[in-house]
Amino acid sequence: MFFFCVRELKRLNLIKQLYSDNVVLLAFLASIGLTLLILGCALSQYNWWPTFVIIFYVLSPIPIAIGRRCTSDGGYNMRDSSPCADLMWFITSVIVVSAFGLPAVMYRTSVIPVGSMAFIMSANIVIFTTITIYFVTFGSDDSLPNF
């Protein structure tokens, strides 16, 4: 019995370490993404119009969070298929494509230079990767054990 408790404590400590490492990774990626966004706006001869991409960063997790409630009771699974889940994926896809399309349209209309567009596109990649890692890591309601 004693060895089982020690083994269980080691396992819980390892799980806690893995989750804390993921939180640190997510914070690091989010700070890099926001730094790239600010660089795309704040360098000389750039303007602040691309900061409207932040709206898409805020809106993109909302359909996924709503869709998780519509699918199964055991949390969100990538293989769940329902009309609600399909609508969730569609709305999320529209938001992500819009986040990449807004800087391209701004560049095409000469509102921002090409360097600013490159910074914003790379910020989009990093931020949406961060959001994806969050939902994969903390995907289900019971993903965090009770410590």
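These figures come from a predicted structure and were not determined experimentally.

**Some words on the overall build of the chain**
- A count of helical and extended segments in the chain gives 5 helices and 0 strands.
- The secondary structure elements of the chain, listed N-terminal to C-terminal, are α-α-α-α-α.
- Taken across its 147 residues, the chain has 31% of its residues classed as buried.
- Within the chain, residue pairs in contact and separated by at least 24 positions form 73% of the contacts whose partners lie at least 6 positions apart.
- Roughly 9500 Å² of accessible area belongs to the chain as shown, and the carbon and sulfur atoms make up 71% of that amount.

**With respect to the UniProt feature "transmembrane region" (unreviewed entry) in the chain**
- The UniProt record annotates "transmembrane region" (unreviewed entry) at residues 21–40, 46–66, 87–106 and 112–136.
- Regarding residues 46–66, the helix share stands at 62% and the strand share at 0%, and the terminal C-alpha atoms are separated by 36 Å.
- Within residues 87–106, the helical portion is 100% and the strand portion 0%, while the C-alpha atoms at the span's ends are 28 Å from each other.

Reading the values: rules and limits
Residues numbered from 1 in each chain as written. Predicted model: local features only at pLDDT ≥ 70, side-chain atom pairs only at ≥ 80, totals over all residues. Heavy atoms only, no water. Helix = DSSP H or I, 4+ residues; strand = E, 2+ residues; numbered from the N terminus. Buried < 20%, exposed > 50% of the residue type's maximum accessible area, 1.4 Å probe, protein only. Contact = heavy atoms within 4.5 Å. Areas by Shrake-Rupley, 256 points an atom, 1.4 Å probe, with all protein chains shown as cover. UniProt positions renumbered as here; feature names shortened; annotations may be inferred.

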